[in-house]
Amino acid sequence: MANNQYSSNRKTPQWGLYQRELFWKDNTGEVPPFSTEPGDLEDLAKKSLTLGAFYRHRIIPRMLVDTNKRDTETEIFGHKVSAPIGFALIGINMIYNPLGELPVAKVAKELNLPYCLSTAGSNPIKDVGKANGAGPRFSQLYMPHDDELTISLLQRAYDSGLSDPVFQMRMKEAGIDPKTQPSEAGEMRIDNVWHGRAWSWEKIPWLMEQWKRISKGKPFCLKGIQSVADARKAVELGVDGIVVSNHAGRQVDGAIASLDALEKIVAAVGDKTYIMFDSGVRGAADVFKALALGAKFVFIGRLWVWGLSIKGELGVRHVMKSLLADFDILMNVSGYQSVDQITRDSIDSPPNSASMIAEKSRL
């Protein structure tokens, strides 16, 4: 397998490209020598989350509060929404349901909750935009190493537009017909973003300038912030918000829990930028705890994708309405009338002295 243009920057082979090689085997009917049982990974995630960051923080209920007068409504970047809960981005939704992102975007609009569309979405942006209607939404960008293509993707996101003319041109130049060669087209798009490629902070001002120009000033946020230093750098560059996230633990094995990162980041820059949170949320109590630690908004991923997998649109609607009910009931029984009443004083947090959990691979 050929290395990309960054191979000359290192003395050793690009070992990470072995992942790409394994991904491509699916197109030739091959399989890896062995893999990991997904259920085992989920068991480890549950174990870590239960005994880890969320478990450490405990909600302090308030009594004799007139919670007959309560409301879960809040605001995000000027949009009034039903609750401080949004649909986190998850790519390639057709893995879970034949309709892909469409039923998810539709339910988000119905419930008046923000929806995030991944660059790796299964459906055309225009179709997702139509399904989501006037609902508040974010478009997540995996930034290509092609400025013209990046600008084209930003324009499509703003327009909820048509097929990408720049990428179509790039495929034509490479002699690829996306209708008859979908795997090759996908390979070309993926290789322009992942597999041995990275960006640095120096590119952020340019990207932010392009988005602000195209979108006429709409918010620009960075997702995946886990260190205080990075949060301060984001503030220094003038981003409108950050999402404290370890991508549900799937990115860096052994990384800091997002909730632990949230505490430190809020303490450092909580009064300087709009802080959002995702990763590990399984219920309303987790949403509450993230808000109490200083997040202004919480995004959910696994819950709605489970619903999508089981019963499509009906499943997404059921899971998210259940979560909203859970949050509403929690506010009732814990004595909170509005989201802005949830503060650091709403939870008790013993010192972070969690022991290491032994993790053994099972082949």
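Definitions and limits used
- Residues numbered from 1 in each chain as written.
- Predicted model: local features only at pLDDT ≥ 70, side-chain atom pairs only at ≥ 80, totals over all residues.
- Heavy atoms only, no water.
- Helix = DSSP H or I, 4+ residues; strand = E, 2+ residues; numbered from the N terminus.
- Buried < 20%, exposed > 50% of the residue type's maximum accessible area, 1.4 Å probe, protein only.
- Contact = heavy atoms within 4.5 Å.
- Areas by Shrake-Rupley, 256 points an atom, 1.4 Å probe, with all protein chains shown as cover.
- Core = buried A, V, L, I, M, F, W, Y, C linked by side-chain atoms within 4.5 Å.
- Axes fitted to C-alpha atoms, helices over the stretch in contact; angles between N-to-C directions.
- Parallel < 35°, antiparallel > 145°, perpendicular 65-115°, else oblique.
- Left-handed = near helix turned anticlockwise from the far one by under 90°.
- pLDDT = per-residue confidence, 0-100.
- Disulfide = S-S within 2.5 Å.
- Phe/Tyr/Trp six-rings, centres within 6.5 Å; stacked < 30°, edge-to-face > 60°.
- Lys NZ or Arg CZ within 6 Å of the ring centre and 35° of its normal.
- Expected span 1.5 Å × (residues − 1).
- Polar contact = N/O pair within 3.5 Å; in protein donor to acceptor, adjacent residues only side chain to side chain.
- Pairing = 2+ DSSP bridges.
- Nonpolar A, V, L, I, M, F, W, Y, C, P; charged D, E, K, R; others polar.

Right, let's talk about the overall build of the protein for a bit. Assigned secondary structure in the protein consists of 13 helices and eleven strands. Considering the protein as a whole, with its 363 residues, one finds that 42% of them fall into the buried category. Considering only residue pairs separated by 6 or more positions, the protein has 65% of its internal contacts joining residues 24 or more positions apart. Of the accessible surface of the protein, which amounts to about 19700 Å², a share of 55% is contributed by carbon and sulfur atoms.

Turning our attention to the nonpolar core. Phe 87 and Phe 277 are the most contacted members of the largest nonpolar core, which totals 68 residues. Ranked by the residues each element gives to this core, the list is headed by helix α13 (residues 302–334), at twelve residues. Apart from the residues lying within four places of it in its own chain, the contact partners of Phe 87 are Val 104, Val 107, Ala 108, Leu 113, Pro 114, Tyr 115, Cys 116, Phe 299, Ile 300, Trp 304, Val 316 and Met 320.

Moving on: the packing of helix α4 (residues 102–111) against helix α5 (residues 125–132). One way to put it is that α4 packs onto α5 with a least axis distance of 7 Å and a crossing angle of 30°. Classed by the angle they form, the pair α4 and α5 counts as roughly parallel. Handedness of the crossing formed by α4 with α5: right-handed. Packed against α4, whose contacting residues are Leu 102, Ala 105, Lys 106, Ala 108 and Lys 109, the element α5 presents Asp 127, Val 128, Ala 131 and Asn 132 at the interface.

In the predicted model, the protein carries a mean pLDDT of 85, and 85% of its residues have values of at least 70. Here residues 355–359 scores under 50 on pLDDT; set against residues more than four positions off or in separate chains, the count is six contacts.

A word on the environment of Ala 292. With respect to the helices and strands, Ala 292 occurs in helix α12 (residues 284–292). Taking relative accessible area as the criterion, Ala 292 reaches 4% and is therefore assigned buried. For the pair formed by Ala 292 and His 57, sequence separation is 235 residues and the distance between their alpha carbons is 9.7 Å. The residues touching Ala 292, leaving out its near neighbours within four places in the chain, are Ile 342, Thr 343, Arg 344, Ser 346 and Ile 347.

It is worth spelling out the state of the cysteines at this point. Enumeration according to the criterion identifies zero disulfides in this entry. No disulfide involves Cys 116; its nearest neighbouring cysteine sulfur is the one of Cys 221, lying 9.4 Å away. Of the residues examined, Cys 116 reaches a relative accessible area of 10% and is grouped as buried. Taking the relative accessible area as the measure of exposure, Cys 221 reaches 23% and is therefore partly exposed.

Quick look at the packing of aromatic side chains now. Here the structure, examined in full by the defined rule, presents eight aromatic pairs. On the basis of an interplanar angle of 75° and a centroid distance of 6.3 Å, the ring pair of Phe 54 and Phe 277 is categorised as edge-to-face. Of this pair, Phe 54 sits in helix α3 (residues 53–56) while Phe 277 sits in strand β9 (residues 274–277); the two residues are 223 residues apart in sequence, bridging distant segments of the chain. Exposure remark for Phe 54: the relative accessible area of 6% places this residue in the buried category. Classification of Phe 277 as buried rests on a relative accessible area of 0%. Within the aromatic cluster, the residues linked to one another by ring pairs are Phe 77, Phe 138, Tyr 274, Phe 297 and Phe 299. The aromatic ring of Tyr 55 is capped on one face by Arg 58, whose charged end is 4.2 Å from the ring centroid. The cationic tip of Lys 203 hangs over the ring face of Trp 206; the distance from NZ or CZ to the ring centre is 4.3 Å.

Moving on, we come to helix α6 (residues 147–159). Over its 13 residues, α6 runs 18 Å from end to end, which matches the ideal 18 Å to within 8%, given 1.5 Å per residue. Among all positions of α6, only Leu 149, Thr 150, Ser 152, Leu 153, Leu 154, Arg 156 and Ala 157 are buried. Taking the backbone nitrogen of Glu 148 as reference, a side-chain oxygen 3.1 Å away marks Asp 146 as the first, capping residue of α6. Looking one or two residues past α6, Ser 160 carries a phi angle of roughly 50°, positive in sign.

So, about the side chain of Ser 258. Checked against the element boundaries, Ser 258 lands in helix α11 (residues 258–269). Note on Ser 258: relative accessible area 3%, which makes it buried. Of note is the side chain of Ser 258, whose polar atom sits 2.8 Å from the backbone nitrogen of Asn 246. Setting aside residues no more than four positions away along its own chain, Ser 258 makes contact with Val 244, Ser 245, Asn 246, Phe 277, Asp 278 and Ser 279.

Covered by surrounding structure in strand β10 (residues 297–300) are Phe 297 and Phe 299 together with Val 298 and Ile 300, the residues of both alternating faces. The pairing of strand β4 (residues 85–87) with β10 spans three bridges and is parallel. Bridged to Gly 86 within β10 is Phe 299.

Counting through the fold element by element, Gly 224 comes out in strand β7 (residues 221–225). For Gly 224 and Val 243, which are 19 residues apart along the polypeptide, the C-alpha to C-alpha distance reads 6.0 Å. Ignoring anything within four residues of it in the chain, the contact list for Gly 224 reads Val 243, Ser 245 and His 247.

Packed helices, taken two at a time, are described by the angle between their axes plus the distance between the axes. Two elements in contact, helix α10 (residues 228–237) and α11, have axes separated by 9 Å at closest approach and are oriented at 40°. With respect to their mutual orientation, α10 and α11 come out oblique. For α10 against α11, the interelement crossing comes out right-handed. Taken together, the residues of α11 that come into contact with α10 (itself represented by Val 228, Ala 231, Arg 232 and Val 235) are Lys 264, Ile 265, Ala 268 and Val 269. Residue composition of the contact of α10 with α11, grouped by class: six nonpolar, no polar and two charged.

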